[in-house]
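Read off the chains here:
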Amino acid sequence: MRRSAFFISDGTGITAEALGLSLLSQFGGIEFNRITLPYIDTEEKAIEVVKKITLAAEEDDAKPIIFDTVVNHNIRDIISQSEGFMVDIFSAFLAPLEKELDTSSSYSVGKLHSINHNNHYSIRIEAMNFALENDDGAVTRNYEEADLILVGVSRCGKTPTCIYMALQFGIKAANYPITEEDLEEMRLPKVLRPFKQKVFGLTINADRLKAIRQERRPDSRYSSDRQCQEEIRDVESMFRREGIPFLDTTHHSIEEISTKMIAEKGIKRHI
């Protein structure tokens, strides 16, 4: 089964998309054609949106699902006249909140940014710079500042996870690659031992690791079956021997990996 899903907003559309996708993920048997339409902030744009929704309904022979966070009543009224099933996210939550708080919502675009402290941007940038400077073991002198140090074999997902945590949570995460030389000793590398309480391990299925490495260095020893299998086996053994908590990233998204690590290590989010 195939259905179109529209995420419509008079702002960036991030809220509509995030909440909408969370709900649609519960319906695994349906393939959704996702269309995000941000900055629908005029009636003229709303009319064009209706045309797109009508076309999708004709092509799918089914009503498109519409998630919106449009705060302008006139624009929302125009969109509601389309051939779609409309899920008005703001109204669904704001009406009960207005009743409970005994006050009316401002119904303003972009209010999320005003809720956050002004220094959140600076925290993100600082954490991002930290992740880039301390990527792949290039610099180790800043580990005292780190909230978390990710370790694992090459290409198991350390760098993107560090960057995500920096941007999403303001967490200063460094990462250090475990090499063949490190695995010969079967001990945590010497530079990491003073910061063992900050260390978290990542591992990955050997077949998946091979596929990733093949894209970088095809048909090399680095991407061979044997090399990938041995490195994964040895690094997991080292994690267990050293008492390092670790997570298999094979079937987890970056969001899931980050959330699980933060929860297990009890790391404080800075934003």
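Please refer to the structure higher up on the page.
Everything numeric in this text was worked out from a predicted model, so none of it was measured. (Residues numbered from 1 in each chain as written. Predicted model: local features only at pLDDT ≥ 70, side-chain atom pairs only at ≥ 80, totals over all residues. Heavy atoms only, no water.)

Points about a nonpolar patch on the surface
Together, L19, F93, L97 and L101 line one region of the surface with nonpolar side chains, adding up to about 400 Å² of accessible area. Per-element tally for the nonpolar patch: the top contributor is helix α4 (residues 89–101), with 3 residues. Among the structural elements, L101 can be located in helix α4. A relative accessible area of 58% means that L101 is categorised as exposed. (Patch = residues over 30% accessible without salt bridge, like charges linked within 9 Å, V, L, I, M, F, W, Y side chains within 5 Å. Areas by Shrake-Rupley, 256 points an atom, 1.4 Å probe, with all protein chains shown as cover. Salt bridge = Lys/Arg side-chain N within 4 Å of Asp/Glu carboxyl O. Helix = DSSP H or I, 4+ residues; strand = E, 2+ residues; numbered from the N terminus. Buried < 20%, exposed > 50% of the residue type's maximum accessible area, 1.4 Å probe, protein only.)

Comments concerning the packing of helix α9 (residues 206–216) against helix α10 (residues 225–242)
In contact at an axis separation of 9 Å, α9 and α10 are set at 125 degrees when each is read in the N-to-C sense. By the criterion of interaxial angle, the relationship of α9 to α10 is oblique. For the element pair α9 and α10, the recorded crossing hand is right-handed. On α10, the residues that touch A206, L209, K210 and R213 of α9 are D225, Q227, C228, Q229, E231 and I232. Considering only residue class, the contact of α9 with α10 consists of 4 nonpolar, 2 polar and 4 charged. (Axes fitted to C-alpha atoms, helices over the stretch in contact; angles between N-to-C directions. Parallel < 35°, antiparallel > 145°, perpendicular 65-115°, else oblique. Left-handed = near helix turned anticlockwise from the far one by under 90°. Contact = heavy atoms within 4.5 Å. Nonpolar A, V, L, I, M, F, W, Y, C, P; charged D, E, K, R; others polar.)

Brief notes about the sheet that holds strand β5 (residues 148–152)
Backbone hydrogen bonds hold the strands of a sheet together, and the pairing may be parallel or antiparallel. Strand order in the open sheet formed by 4 strands is β6-β5-β7-β8, with parallel pairing between adjacent strands. Two strands in the sheet have a free side with no partner beyond their single neighbour: β6 (173–177) and β8 (246–248). Put simply, the sheet's adjacent strands are angled 25 degrees from each other on average, direction ignored. When β5 meets strand β7 (residues 199–203), the two strands line up parallel, connected through 3 bridges. (Pairing = 2+ DSSP bridges.)

Some thoughts on the packing of aromatic side chains
Enumeration over the complete set of coordinates arrives at 4 aromatic pairs. Taking the centre distance of 6.0 Å and the plane angle of 85 degrees together, the rings of Y164 and F169 count as edge-to-face. A cation over an aromatic ring shows up here: R213 above the ring of Y222, its NZ or CZ 4.3 Å from the ring centre. Note that R217 overlies the ring of Y222, its terminal NZ or CZ placed 4.3 Å from the centroid. (Phe/Tyr/Trp six-rings, centres within 6.5 Å; stacked < 30°, edge-to-face > 60°. Lys NZ or Arg CZ within 6 Å of the ring centre and 35° of its normal.)

Concerning the environment of P218
Tracing the backbone shows P218 in the loop between α9 and α10. In this view, P218 contacts R213 and S223; residues no more than four positions away in its chain are not counted.

Considering helix α3 (residues 73–80)
Looking only at α3, the buried set comprises I75, R76, I78 and I79. The arc enclosing the buried residues of α3, seen along the axis, measures out at 155 degrees, which places them on a common side. Among the structural elements, β1 (2–8), α2 (43–60), β3 (65–68), β4 (85–88) and α4 are those in contact with the buried residues of α3. Sitting at the amino-terminal end of α3 is N72, which places a side-chain oxygen 2.9 Å from the backbone nitrogen of N74. (Arc of directions from axis to C-beta. Polar contact = N/O pair within 3.5 Å; in protein donor to acceptor, adjacent residues only side chain to side chain.)

Here's the deal with the pattern of salt bridges
In this structure the tally under the stated criterion is 17 salt bridges. The closest approach of N and O atoms between E31 and R2, which form a salt bridge, is 2.9 Å. Of this pair, E31 sits in strand β2 (residues 31–37) while R2 sits in strand β1, placing them 29 residues apart in sequence. A salt bridge links R240 to E236; the shortest N-O distance between them is 3.7 Å. On the criterion of helical spacing, the pair formed by R240 and E236 is a turn pair, its members being 4 residues apart in helix α10. Judged by its relative accessible area of 55%, R240 is exposed. Judged by its relative accessible area of 17%, E236 is buried. Among the charged side chains, a network of salt bridges with common partners joins D68, R76 and D88.

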